[in-house]
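Analysis of the macromolecular model
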Amino acid sequence: MEEIADGVNNLNLAGDSIKKNRIQVSNTKKPLFFYVNLAKRYMQQHNEVELSALGMAIATVVTVAEILKNNGLAVEKKIMTSTVDMKDETRARPVQKAKIEILLGKTANFDELMAAAAEEREAGNGEEQG
């Protein structure tokens with residue numbers, strides 16, 4: 001499991017410039033809603049976010065994308081699947097890992113929904129102090 005996460009972090013495809021709006025998801029390092037909230041922040045800054053994962057982390061990426069879509073914050077722009085050759089320390093030959101990349105864009109009412117959520121948080125904080 002750990003080698004998959006390390007592979008995701010060390011993944012650098014030839015000719016693939018480092019994108020500022022890409023999140024490489026691991027299913028071992030961070031909780032699910034860390035990625036949901038990070039994706040929201042990336043969409044605020046860049047208007048779209050690319051979620052990427054290998055192997056077992058693919059389920060996490062799909063879940064993050066579905067949460068954002070079901071909350072009305074994101075729309076799917078593109079989904080790409082492929083396989084990547086990885087070096088496995090336990091075996092001599094390379095192992096193929098499944099890879100997914102999901103490009104999400106902001107919905108028309110993304111900013112309104114984010115502002116409403118921020119207002120709810122502020123109202124909740126005011127009630128606790130009162």
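Given the structure is predicted, the values throughout are model-derived calculations rather than measurements.

Cut-off values and rules
- Residues numbered from 1 in each chain as written.
- Predicted model: local features only at pLDDT ≥ 70, side-chain atom pairs only at ≥ 80, totals over all residues.
- Heavy atoms only, no water.
- Axes fitted to C-alpha atoms, helices over the stretch in contact; angles between N-to-C directions.
- Helix = DSSP H or I, 4+ residues; strand = E, 2+ residues; numbered from the N terminus.
- Parallel < 35°, antiparallel > 145°, perpendicular 65-115°, else oblique.
- Left-handed = near helix turned anticlockwise from the far one by under 90°.
- Contact = heavy atoms within 4.5 Å.
- Nonpolar A, V, L, I, M, F, W, Y, C, P; charged D, E, K, R; others polar.
- Salt bridge = Lys/Arg side-chain N within 4 Å of Asp/Glu carboxyl O.
- Buried < 20%, exposed > 50% of the residue type's maximum accessible area, 1.4 Å probe, protein only.
- pLDDT = per-residue confidence, 0-100.

One can describe the packing of helix 2 (residues 32–46) onto helix 3 (residues 58–70) by two numbers: an axis separation of 10 Å at closest approach and a directional angle of 55 degrees. In terms of their interaxial angle, helix 2 and helix 3 are classed as oblique. Pair helix 2 / helix 3 crosses with right-handed handedness. Across from L32, F33, Y35, V36, A39, K40 and M43 in helix 2, the residues of helix 3 making contact are T60, T63, V64, I67 and L68. Taken together, the residues of the contact of helix 2 with helix 3 sort by class into nine nonpolar, two polar and one charged.

Under the definition given, this model contains seven salt bridges. Across the pair K69 and E66 runs a salt bridge whose closest N-O atoms are separated by 2.8 Å. In this pair, K69 and E66 are both assigned in helix 3, three residues apart and thus about one turn of the helix distant. We classify E66 as partly exposed; its relative accessible area is 31%.

Right, let's get into unusual backbone geometry. Of all residues except glycine, most have a negative phi; of all peptide bonds, most are trans. Despite not being glycine, N47 shows a phi value in the positive range, around 70 degrees. Looking at the secondary structure, you find N47 in the loop between helix 2 and strand 2 (48–54). Residue classification places N47 among the partly exposed positions, given a relative accessible area of 47%.

The subject of this paragraph is the confidence of the model for the protein chain. If pLDDT is low for a region, its predicted coordinates should not be looked at in detail. Looking at the protein chain as a whole, its pLDDT mean stands at 84, while 82% of the residues score no less than 70. Segment residues 1–16: pLDDT under 50, and 25 contacts once partners within four positions in sequence are set aside and those in other chains are kept.

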